[in-house]
Amino acid sequence: MTTEDGSSPPARRRPPRGLVGALAVTFLLAIYVWAIAGRGVAMVASGEPVLVAIGAAALVVPLLVVGLIAREFWLAARVQRMADVLADAGELPVDDLPRSPGGRIDRDAADAAFTEAQAAVEAEPESWRAWYHLAFAYDAARDRRRARAALRRASSLFTG
């Protein structure tokens, strides 16, 4: 398909994988938060001292949930921007580690990839690229907690 001037139309950018699921879960959580907030407001409005205290405490939960969701979406947007920069530079991590017939990454290969990524971070501790690659090495080694921490560190160093 070409445009009137004979050039190809710009490629449509697909939404990031998992975005639809994340939005669906966020929508369901928003309904829950709305219900909790409604109950909390009703308790505060009752005027009964005990209910006012419980209602005020219940209103803290929606605030925490909204703050945590906003933080996660902000991180996801930053990680996507970092991935775009790495993809443009041809430096995006490639998942080419050997796998078992069941699909699990070979532990020795994951450890070797992790050692390389860790050495890169030690050589350049202020490089968001090194931290980004370390995050994916942690993920391959099935250490999701440290993978997220490394992504947060990469995000804090990223200036794009």
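Residues numbered from 1 in each chain as written. Predicted model: local features only at pLDDT ≥ 70, side-chain atom pairs only at ≥ 80, totals over all residues. Heavy atoms only, no water.

### Structural notes on the environment of Arg 107
Here's step 1: Tracing the chain through its elements places Arg 107 in helix H3 (residues 107-123).
Here's step 2: For the pair formed by Arg 107 and Ala 141, sequence separation is 34 residues and the distance between their alpha carbons is 6.9 Å.
Here's step 3: Excluding residues that lie within four positions of it along the chain, Arg 107 makes contacts with Ala 141 and Arg 142. (Helix = DSSP H or I, 4+ residues; strand = E, 2+ residues; numbered from the N terminus. Contact = heavy atoms within 4.5 Å.)

### Section: helix H4 (residues 128-140)
Here's step 1: Counted at 1.5 Å a residue, the expected span for H4 with its 13 residues is 18 Å, and the 19 Å between its end C-alpha atoms agrees.
Here's step 2: Packed against the buried residues of H4 are helix H2 (49-89), H3 and helix H5 (144-157).
Here's step 3: Count one or two residues on from H4 and you reach Arg 142, which has phi positive near 65°. (Expected span 1.5 Å × (residues − 1).)

### Thoughts on the confidence of the model for the chain
Here's step 1: Taken residue by residue, the chain gives an average pLDDT of 86. The fraction at 70 or more is 89%.
Here's step 2: Taken element by element, the predicted model of the chain shows its lowest mean pLDDT in H3 (87) and its highest in H5 (93). (pLDDT = per-residue confidence, 0-100.)

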